[in-house]
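Reading the structure
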Amino acid sequence: MNGRARRRTWGERAALAWTVLMYAFFFVPLATVALMSFNRSSFGTFPIVWSLHWYHALLHGSGLLPAVGLSLEIGVVVAVASVVLGAMAAYAMARHPGAWTRPFTVAFAATITVPWIILSIGMNIVLATLTGQGNSVLGLYVGDLALSLPYAVLVLLARLSQLDAELEQAARSLGASALTAFWRVTLPLAAPGFLAVALMAFIVCFNNFIVQYFLAPFGVQTLPLVVYNSIRVGYSPDIDALSTLLVAGAVVMVLVVQRLGAVRDVVGRRSG
Amino acid sequence: MNGRARRRTWGERAALAWTVLMYAFFFVPLATVALMSFNRSSFGTFPIVWSLHWYHALLHGSGLLPAVGLSLEIGVVVAVASVVLGAMAAYAMARHPGAWTRPFTVAFAATITVPWIILSIGMNIVLATLTGQGNSVLGLYVGDLALSLPYAVLVLLARLSQLDAELEQAARSLGASALTAFWRVTLPLAAPGFLAVALMAFIVCFNNFIVQYFLAPFGVQTLPLVVYNSIRVGYSPDIDALSTLLVAGAVVMVLVVQRLGAVRDVVGRRSG
Amino acid sequence: MAELRVEGLTKAFGETAVVRDVSFTVSSGQFFALLGPSGSGKTTILRMISGFVAPDSGRVLVDGEDVTALAPERRQMGVVFQNYALFPHMTVWHNIAFGLDVRRVGAADKARRIRDALRLVHLEGFERRRPAELSGGQQQRVALARALVVEPRLLLLDEPLSALDARIRVEMRAELRRIQRESGVTAVIVTHDQEEAMELADALLVLDGGRVVQSGTPREVYTRPESDRVAAFMGRTNEFDAVVRSTPEGLVAELAEGVAWRLGANAGARAAGTGQAWPARVAFRPERVRLVRATPSPAGGRGPNVGADPGGPEARPTDGIILEGSVVAVRFDGPVSRVEVAAGTLRAECLVLSREAEELSVGERVRLWVPAADIQVFAR
Amino acid sequence: MAELRVEGLTKAFGETAVVRDVSFTVSSGQFFALLGPSGSGKTTILRMISGFVAPDSGRVLVDGEDVTALAPERRQMGVVFQNYALFPHMTVWHNIAFGLDVRRVGAADKARRIRDALRLVHLEGFERRRPAELSGGQQQRVALARALVVEPRLLLLDEPLSALDARIRVEMRAELRRIQRESGVTAVIVTHDQEEAMELADALLVLDGGRVVQSGTPREVYTRPESDRVAAFMGRTNEFDAVVRSTPEGLVAELAEGVAWRLGANAGARAAGTGQAWPARVAFRPERVRLVRATPSPAGGRGPNVGADPGGPEARPTDGIILEGSVVAVRFDGPVSRVEVAAGTLRAECLVLSREAEELSVGERVRLWVPAADIQVFAR
């Protein structure tokens, strides 16, 4: 409604230019990877010879697809576990706040700031003590879950806290039990929060190379591990092909989430 | 105000128990690390022989402290850069929303979902093309900044969008120029958002081993890199000592941030 | 249609007593208002009736049945919240259907009842809208329909109009009254707005600091307030400090300004003083003043002539309040006008219909008379 | 203290014309109201005056100086926002000091002016509080002090009272009027509440759909509305459809019910019909009715006796409106009561002081008279 928006000051133009520049900064590497994935050359040399060779290579014979499969599997399991366990804790904290809520919130926030590499060492030790071996497939799941749970609890707590408690009361005054009120009113309204949490858990599973490195047993290859290993051994453009597919997938996923209104939960935009 | 809170149902008790369990799940590894750091044994053997030996070792002779210094330095620079650059972009988007704002927001959100390992490959290629070498100290800074900037823009955009535009208008009607209004009204009110962004940038710098691994030149050791290397070579409890100090530092930092009201910006709690 | 009885409700949050021993009865089909400033405990009382807050002591009875320990969902009370609390993810139809779905009402019966409810609140054709697509007034109608469609024993309204614009609020008052009449439900409304309470309620309770300070019909509470606080809360009033004396002719109020007024016999009932003379506050409402133009006094510039017969060392009391003074200001308020009159150091506000105020001009001399029956006396 | 002149302001957002060719003048020291329903463009006009919205065409002049192209901070206008827009991170003192700091006022002068401003709004002692620690009414006082301390040429108020509780709002109206009088500033208020506008403003402008539909003093607009829309917007009114005919005796309104009323000569001015007879709407305000008890008609049960002399094949027009009917309802509204009267199929509402209404009972026969001068006629 601000009619003055049309006359931009120099400062505002500069800010706009910055925004565009920053996008370049981020998307040029991704575009480069995409470009290389369509180049027949093994070493990213010019001129570009357009080809789907590396996509073909990715599908046949490279060890990348099974790793993507495992990472997806871990991601889905951890995402579901984060939502369910996080929702239970967050609901308890949101609906029965007490003297204990605040220190618990602070503690969860603190865990977010602990470097992952340190956490992975600790978990390796604990798992070794408990199960006799520090590296196991179970450990992979547990480790990823441990990283995503604090985010899950905090995001869902925020979402549930801003849901008007009167909505549940309205449902109950209409004859719904506490459980029915939660199921038919609270749950649907908190859904974008759940989606956001699932998405974050998924992202964590794709990012925390270091935890997976310390917890995965020999021979079990997640996506970050296999990419890491194959680059150490020798860079091959089928990774570019995979990256391009993953980025495309990420964009589609975000568009879907955006449609469902969950982006604001990921980034903390007020939803009022 | 809910007088019925005192009578807890079984479901609520279960949810509370879960919350406690989840904390255990997260803090037992950290406590274990802390415990080991006070144990004289090199191999974490029992019984514990209490000692500050490993703290002494950390201070004298281990290569860990310089790495912490470098990581802190990168963290501070990236945090400041994220705040300044992020604020400029977010302010442009918040005060001059248009048809371009929404796709830009989606694009930034999408970058968060791109696996870091893929981004680091792309950046290595771009840097190699631009500067002739894929690994450089500059690359370390740029790579970390690239990871934290999308978060910075989205969090600050959320914060600035929820700031009432009428506050700036009130300031201007009182005779303040647009710049003065921003400096004296908008900036102080957005401060918790800035703090949150700085904290997140800091966390990213301590977590993204993989980007640093692909971008750091030979001999330049950040904390994740040196921890990774030293564990590959042979685990030594001075890392436990360092971890304990870092966790303590993280808790202190979160308490400070909590006091300043920025936690809700990190985790998206509504501030109304 | 049910009778509500509240007996000795008491509630404290922590150290703070919010509701103290509140009892009242709402008879079947009555529209009852809990009126009080913010912090008077009125909302907490409503929440204890609806079951969302458990009282520390006291009982809530519906048609004689004690529901104090019952869960909210088993009390069969429809609640309308200040911010409507409509389910944002459901259409108007599904919002209204919610209570019937929970009760497993059959499809045909359900559709009929929802249509009846929509007709009652004049919202036919809005079935497929979502709450965000409705205006505030329309949202409140949906909230009413949703609460009424389950045929609750009681309708509880928690400041239902305070989130609306001034104009819509006045319109919705009439609507609320009509809907309550047509549905015949027993209703309890919580409000801080005495105009709202007077327009809507058959009977009301004035609360202050968690205690009942007065109850009765709106007219009783307005015209016969039991304290100066209630008098001021219910509307504008003129107040004077005086000493009230018992004389053979009845009570007489003497003002420091040298005026004395003879008060009605009934005024003494609320003047809880002891002995022969006690300090009191004498009050009357602006619309109770009979205002007539005074014939210009022959000695024009002699200053205001206070009282009917002020001469002599002791003022002879007049029957009721009689003041002669001049018009200081005439404030036009649409249908009515407020005339401010100065009689010496005394100032009084009179309310007259605007067409009568048009004949008055500032500076004009007027005579005010308030009959003894319209005067209120409160102990100071 | 300055004179504001607005000339031909026009503004469209996209395709939607929000303000269309609005012109008016506010003289120095006047309190001026822009009154209209939501969407009437009143807030956009205020924002064009304050400089936050640039008009598509038209000019804003302060004391003859064209400020249309000036940045908001150079216009020297104090703005009070609907939600106060106090700086939440500053104390009351620093909020008020803001405008003086920006102007680099010296410390001693600054402290004196802030203290004067706090005294003006009755907030001495609140210097160190933060906005969140104040009530809504107190926050609005701070907003006023902040706007006034810089001695603006104009004070612009954007629905300043609409965020307040009903009771506080009425109190703050009087405060706002006092503060404007004492500071002597020229003020423009935007409101949708006609009571607020009438109580506050020296002159007002009624807006509808971005256009000025009437302007004048509150009394003029209330008693002489130029359209039935304005009449209804300004307050309650009784309306009847009629055919108005020019006769040698003046204008006569004939109703379908077989009644005819002779209207005042001046009523014809707004009845923009042509020829000898045209459809019109006849209206009068409830408080304009003179209501007297009718002596019971000798033939009791014969049904309502409409008109003074309804006999004969053609109704003879009465002077003004005369209706005889019975009381259907008496609604107590505190100081005033609304009496609903049915005369055959015609229904009319009358407003009387409550003390007069006490003498009336439902079913009683009454006679209503509205003098020709109090009748409004609008072309249909």
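This report concerns the structure included in the present document.

Criteria and thresholds
Residues numbered from 1 in each chain as written. Chains lettered and ligands numbered in written order. Predicted model: local features only at pLDDT ≥ 70, side-chain atom pairs only at ≥ 80, totals over all residues. Heavy atoms only, no water. Helix = DSSP H or I, 4+ residues; strand = E, 2+ residues; numbered from the N terminus. Buried < 20%, exposed > 50% of the residue type's maximum accessible area, 1.4 Å probe, protein only. Contact = heavy atoms within 4.5 Å. Areas by Shrake-Rupley, 256 points an atom, 1.4 Å probe, with all protein chains shown as cover. Lys, Arg positive; Asp, Glu negative; His and termini not counted. Charge placed at Lys NZ, Arg CZ, Asp CG, Glu CD. Pairing = 2+ DSSP bridges. Axes fitted to C-alpha atoms, helices over the stretch in contact; angles between N-to-C directions. Parallel < 35°, antiparallel > 145°, perpendicular 65-115°, else oblique. Left-handed = near helix turned anticlockwise from the far one by under 90°. Nonpolar A, V, L, I, M, F, W, Y, C, P; charged D, E, K, R; others polar. Phe/Tyr/Trp six-rings, centres within 6.5 Å; stacked < 30°, edge-to-face > 60°. Lys NZ or Arg CZ within 6 Å of the ring centre and 35° of its normal. Patch = residues over 30% accessible without salt bridge, like charges linked within 9 Å, V, L, I, M, F, W, Y side chains within 5 Å. Salt bridge = Lys/Arg side-chain N within 4 Å of Asp/Glu carboxyl O. Core = buried A, V, L, I, M, F, W, Y, C linked by side-chain atoms within 4.5 Å. Polar contact = N/O pair within 3.5 Å; in protein donor to acceptor, adjacent residues only side chain to side chain.

**Quick word on the overall build of chain A**
- Regarding its fold elements, chain A presents 12 helices and zero strands.
- Residues classed as buried in chain A amount to 57% of the 272 residues present.
- Sequence separation of 24 or more characterises 71% of the internal contacts of chain A that already satisfy a separation of 6 or more.
- When the accessible surface of chain A is totalled, it reaches about 11100 Å², and 70% of it is carbon and sulfur.

**Concerning the overall build of chain C**
- Counting its secondary structure elements, chain C contains nine helices and 21 strands.
- For chain C, the spread of C-alpha atoms along the principal axes amounts to about 85 × 45 × 30 Å.
- Put simply, chain C has 380 residues, and 56% of those count as buried.
- By element, 48% of the accessible surface of chain C is carried by carbon and sulfur atoms, the whole surface being about 15400 Å².
- On chain C, the mean spot of the 49 positive side-chain charges and the mean spot of the 49 negative ones are 3 Å from each other.

**Let's talk about the sheet that holds strand 17 (residues 321-333) of chain D**
Residues and elements named next belong to chain D.
- The sheet built from five strands is open, its strands ordered 15-20-17-18-19 with antiparallel pairing. Every other strand in the sheet has two partners, leaving strand 15 (290-293) and strand 19 (346-353) as the edge strands with one partner each. With direction set aside, neighbouring strand axes in the sheet form an average angle of 40 degrees.
- As defined by bridge partners, strand 17 adjoins strand 20 (residues 365-370) across six bridges and the pair is classed as antiparallel. Residue L323 lies in a different strand from strand 20, and its bridge partner there is L368.

**Regarding unusual backbone geometry**
Residues and elements named next belong to chain C.
- A positive phi angle, close to 50 degrees, is found at D63, a residue other than glycine.
- With respect to the secondary-structure elements, D63 resides in the loop between strand 4 (57-62) and strand 5 (65-66).
- Judged by its relative accessible area of 48%, D63 falls in the partly exposed class.
- Unlike most non-glycine residues, E159 shows phi in positive territory, near 45 degrees.
- Within the secondary structure, E159 is located in the loop between strand 7 (154-158) and helix 5 (166-183).
- Owing to a relative accessible area of 8%, E159 belongs among the buried residues under this scheme.

**Some remarks on the packing of helix 4 (residues 101-113) of chain B against helix 6 (residues 137-162) of chain B**
Residues and elements named next belong to chain B.
- The contact between helix 4 and helix 6 brings their axes to 9 Å, and the two run at 135 degrees. With respect to each other, helix 4 and helix 6 are oriented oblique. Crossing hand, helix 4 versus helix 6: left-handed. For the pair helix 4 and helix 6, contact is made by T105, F108, A109, T111 and I112 and by P150, Y151, V153, L154 and L157, respectively.
- For the contact of helix 4 with helix 6, a count of residues per class yields eight nonpolar, two polar and no charged.

**Regarding the packing of aromatic side chains**
- All told, the structure shown has 13 aromatic pairs over all chains when counted by the stated rule.
- Centre to centre, the rings of D:F240 and D:W261 are 5.7 Å apart; their planes meet at 75 degrees, and the pair counts as edge-to-face. With D:F240 in strand 11 (residues 238-247) and D:W261 in strand 13 (residues 260-262), the pair connects residues that are 21 residues apart, well separated along the chain.
- Joined through ring pairs, the aromatic side chains of C:F240, C:W261 and C:F284 make up one cluster.
- Sitting over the ring of C:F87, C:R146 keeps its end group 4.6 Å from the ring centre.

**Some thoughts on a nonpolar patch on the surface**
Residue and element names in this part refer to chain A.
- Together, V76, V80 and V84 make up a nonpolar patch on the protein surface, roughly 240 Å² of accessible area in all.
- Among the secondary structure elements, V84 is positioned in helix 3 (residues 64-95).
- V84 gets classed as partly exposed once you look at its relative accessible area, which sits at 43%.

**With respect to the nonpolar core**
- Formed by 345 residues in total, the largest nonpolar core has its most connected members in C:L4, C:F24, C:I49, D:L4, D:F24, D:I49 and D:M234.
- For C:L4, the contacting residues outside a window of four places in its chain are C:F24, C:T25, C:V26, C:I49, C:V60, C:L61, C:V62, C:L154 and C:V188.

**Some remarks on the pairing of strand 20 of chain D**
Residue and element names in this part refer to chain D.
- Burial of the side chains of strand 20 is restricted to one face: V366, L368 and V370 are buried, whereas none of R365, R367 and W369 on the reverse face is.
- One ladder, built from four bridges, connects strand 15 with strand 20; its direction is antiparallel. Counterpart to R290 in the pairing with strand 20 is W369.

**What to know about the pairing of strand 18 (residues 336-343) of chain D**
Residue and element names in this part refer to chain D.
- With seven of eight residues buried, strand 18 is to be regarded as a mostly interior element.
- Relative to strand 18, strand 17 is paired through seven bridges, and the arrangement is antiparallel. Within strand 18, the position partnered with S326 by the bridge is A342.
- Between strand 17 and strand 18, which pair antiparallel in sequence order, lie two residues; one of them, G334, sits at a positive phi of approximately 90 degrees.
- With eight bridges connecting them, strand 18 and strand 19 associate as antiparallel partners. The residue bridging S337 from the neighbouring strand is V352, located in strand 19.

**Here's the deal with the pattern of salt bridges**
- Counted under the stated rule, the structure contains 78 salt bridges over all chains.
- In this structure, D:R347 engages D:E340 in a salt bridge whose closest nitrogen and oxygen atoms are separated by 2.8 Å.
- Accessibility expressed as a relative area gives 47% for D:R347, which makes it partly exposed.
- Overall, D:E340 belongs to the partly exposed group, its relative accessible area being 31%.
- Connected through shared salt-bridge partners, C:R173, C:D193, C:E195, C:E199, D:R236, D:R331, D:D333, D:R338 and D:E349 make up one network.

**A few points about the environment of B:L157**
Residue and element names in this part refer to chain B.
- Of note, L157 is situated in helix 6.
- For L157, a relative accessible area of 3% gives the class buried.
- Separated by 124 residues in sequence, L157 and V33 place their C-alpha atoms 38 Å apart.

**Let's talk about the side chain of D:S337**
All names here are of chain D.
- Looking at the element boundaries, S337 is found in strand 18.
- Residue S337 is classed as buried on the basis of its relative accessible area of 0%.
- Among all residues touching S337, those that are not within four sequence positions of it are V330, R331, F332, C350, L351, V352, L353, S354 and A357.

**Side note on helix 7 (residues 165-173) of chain B**
- Where burial is concerned, most of helix 7 of chain B is hidden: eight out of the nine residues are buried.
- Every buried residue of helix 7 of chain B is listed here: B:E166, B:L167, B:E168, B:Q169, B:A170, B:A171, B:R172 and B:S173.
- Against helix 3 (64-95) and helix 8 (178-207) of chain B together with helix 1 (42-50), strand 6 (77-80), helix 2 (92-102) and helix 4 (136-148) of chain D lie the buried residues of helix 7 of chain B.
- With a side-chain oxygen lying 3.0 Å from the backbone nitrogen of B:E166, the N-terminal cap of helix 7 of chain B falls on B:D164.
- Looking one or two residues past helix 7 of chain B, B:G175 carries a phi angle of roughly 110 degrees, positive in sign.

**Structural notes on the packing of helix 3 of chain A against helix 8 (residues 178-207) of chain A**
Residue and element names in this part refer to chain A.
- One way to put it is that helix 3 packs onto helix 8 with a least axis distance of 8 Å and a crossing angle of 135 degrees. Considered as vectors, helix 3 and helix 8 are oriented oblique to each other. Between helix 3 and helix 8 lies a crossing whose hand is right-handed. Packed against helix 3, whose contacting residues are S71, L72, I74, G75, V76, V78, A79, S82, V83, A87 and Y91, the element helix 8 presents F182, T186, F194, V197, A198, A201, F202, C205 and F206 at the interface.
- Its residues assigned to classes, the contact of helix 3 with helix 8 shows 16 nonpolar, four polar and no charged.

**Describing helix 2 (residues 92-102) of chain C**
- Looking at helix 2 of chain C, one finds that the buried residues are C:V92, C:N95, C:I96, C:A97, C:F98, C:G99 and C:L100.
- Along its buried surface, helix 2 of chain C packs onto helix 7 (165-173) and helix 8 of chain A together with helix 3 (107-120) and helix 4 (136-148) of chain C.

**Things to note about the sheet that holds strand 2 (residues 16-26) of chain C**
Residues and elements named next belong to chain C.
- Pairing is antiparallel in the open sheet, where four strands are placed in the order 2-1-4-5. Two strands in the sheet have a free side with no partner beyond their single neighbour: strand 2 and strand 5.
- Across five bridges, the pairing between strand 1 (residues 4-13) and strand 4 is antiparallel. If you follow L4 over to strand 4, its bridge partner there is V62.
- Each of strand 1, strand 2 and strand 4 is contacted by helix 1 (residues 42-50), which is oriented at about 120 degrees to strand 1, the strand it contacts most.

**Here's the deal with the environment of A:S177**
All names here are of chain A.
- Inspection of the secondary structure assignment puts S177 in the loop between helix 7 and helix 8.
- C-alpha of S177 to C-alpha of S71: the two residues are 106 residues apart in sequence and 40 Å apart in space.
- At 2.9 Å, the side chain of S177 forms a polar contact with the side chain of T180.

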